[in-house]
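Residue-level listing of the chains:
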Amino acid sequence: TGTGTGTGTGTGTGTGTGTATGTGTATDTDTATDLIYSVDHNIRARFTTTDLPRPDAAREVARLGDLGYEVGVLSGDSPERVAEMADVLGLPREVALGGQSPEDKAAWLEAHDDGDTLFVGDGINDALAADRAFCSGTPAVDRPFMPARTDFYLVTPGLGPVTLALRAARELSQVVRANLTFAVIYNAGAVGLAWAGLMKPWVAAVLMPTSSLLILAFTTWALSSRRALWKS
C-alpha cells in the first residue's frame with residue numbers, strides 16, 4: 001500500500017488473520033477467502049485476512065492534517081477494504097483509492113504532482129509510483145528493492161518519522177529564508193554605502209567577516225540540539 005497527495009504521506013498496515021478449515025478442490029472460488037492451503041488440489045484450510053493499521057497511524061495522519069498536508073491512500077487492495085481503512089484513519093473515502101495497479105498509482109501521481117508530493121510505499125508494486133513522485137520513501141528497509149529506488153527509508157516502526165521529517169524540513173526552510181533575507185539586506189546596504197562613497201576599506205574589512213559570523217551564529221542557534229526536530 002502506498003499513499004500520497006499534494007505533499008501527502010503514506011499509511012503502513014499490519015495484518016491479522018483468521019482461519020476456517022474446509023474441504024473442496026483448489027479450483028473452488030470464494031470471494032470472502034484471501035488465501036487457500038491445499039494438498040493435491042484438495043483444500044485443507046481457508047484464510048481470511050484483516051488489515052490493521054499501525055498503532056500510531058490515525059494519530060500521525062491527524063497530525064499531518066493539522067500541519068496543512070493532504071493525505072491519501074493508493075492501494076491495490078479491494079476498494080471496500082481501502083474504504084474501511086480510510087474510516088479507521090479518519091480520512092474521507094474519496095481520497096482512499098483501492099484496486100489500483102502499479103500503473104494506476106503512477107498515473108495518479110503524474111496527474112496530481114506539482115513538485116510537492118511525498119509518496120510512501122512498501123511493496124515492489126509501488127516502485128513505479130515512487131519513481132513518479134517528487135519525493136518518495138519506504139518503511140521496507142529489510143527488502144532492498146524499494147530503499148534502492150526511494151529518496152529515504154524509515155528505520156523505526158510507524159509513521160512518526162514522516163511527520164518529524166516534514167516538520168524538520170519546514171523549520172530548515174525557515175532558517176534558509178531568514179539567512180537569504182539577511183544577505184539581501186546586508187548586500188543592499190553595502191552597495192548603497194559604496195555608491196554614496198561612504199564605504200571605506202576598513203569598514204568593508206569589518207563588515208564582511210562580521211556578517212559571516214552573524215549568519216553562522218544564527219544558523220547554529222536555530223539548528224542547535226535544543227531546537228532541531230531531527231535530533232533525538
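Structure first, text after, so check above.
Residues numbered from 1 in each chain as written. Predicted model: local features only at pLDDT ≥ 70, side-chain atom pairs only at ≥ 80, totals over all residues. Heavy atoms only, no water.

1. A short note on the overall build of the protein
When its secondary structure is counted, the protein shows 6 helices and 9 strands. Classification of the 232 residues of the protein by burial places 32% in the buried group. Taking as baseline every contact in the protein between residues at least 6 positions apart, the subset at least 24 positions apart corresponds to 52%. Within the structure as shown, the protein displays about 13,700 Å² of accessible surface, and the carbon and sulfur contribution to it stands at 60%. (Helix = DSSP H or I, 4+ residues; strand = E, 2+ residues; numbered from the N terminus. Buried < 20%, exposed > 50% of the residue type's maximum accessible area, 1.4 Å probe, protein only. Contact = heavy atoms within 4.5 Å. Areas by Shrake-Rupley, 256 points an atom, 1.4 Å probe, with all protein chains shown as cover.)

2. Comments concerning the pattern of salt bridges
Across all of its chains, the model carries 6 salt bridges by this definition. Between Arg63 and Glu60 there is a salt bridge, with its nearest N and O atoms 3.2 Å apart. Here the residue Arg63 and the residue Glu60 both occupy positions in helix H1 (residues 57-66), the gap between them amounting to 3 residues, near one helical turn. Judged by its relative accessible area of 2%, Glu60 is buried. Connected through salt bridges with shared partners, the residues Arg59, Glu60 and Arg63 form a single ionic network. (Salt bridge = Lys/Arg side-chain N within 4 Å of Asp/Glu carboxyl O.)

3. Re a nonpolar patch on the surface
The grouping of Val141, Tyr153 and Val155 at the surface amounts to a nonpolar patch, some 300 Å² of accessible area in total. Tracing the backbone through its elements, the reader meets Tyr153 in strand S9 (residues 152-153). Among the residues examined, Tyr153 registers a relative accessible area of 45% and is labelled partly exposed. (Patch = residues over 30% accessible without salt bridge, like charges linked within 9 Å, V, L, I, M, F, W, Y side chains within 5 Å.)

4. Comments concerning the nonpolar core
Among the nonpolar cores identified, the biggest contains 18 residues, and Leu91, Val162 and Leu166 are the most heavily contacted of them. Contributions of two or more residues to this core are made by H1, helix H2 (79-89), strand S7 (118-121) and helix H5 (160-195). Sorting elements by how many residues they give to this core places H2 first, with 4 residues. By size, the runner-up hydrophobic cluster in this structure holds 9 residues, among which are Phe119, Ala127, Ala130 and Met146. (Core = buried A, V, L, I, M, F, W, Y, C linked by side-chain atoms within 4.5 Å.)

5. A few points about helix H6 (residues 201-222)
Relative to the 32 Å expected for 22 residues at 1.5 Å per residue, H6 spans 32 Å between its end C-alpha atoms, a close match to the ideal helical length. Among the residues making up H6, those that are buried are Val203, Ser211 and Ala222. Seen end-on, H6 carries its buried residues on one side only, within an arc spanning 60°. Counted as exposed and oriented over 90 degrees from the buried face of H6: Pro201, Trp202, Ala205, Met208, Leu213, Leu216 and Thr220. Looking at the packing, one finds that the buried side of H6 touches H5. (Expected span 1.5 Å × (residues − 1). Arc of directions from axis to C-beta.)

Without other data, these values stay purely geometric and don't point to any function.
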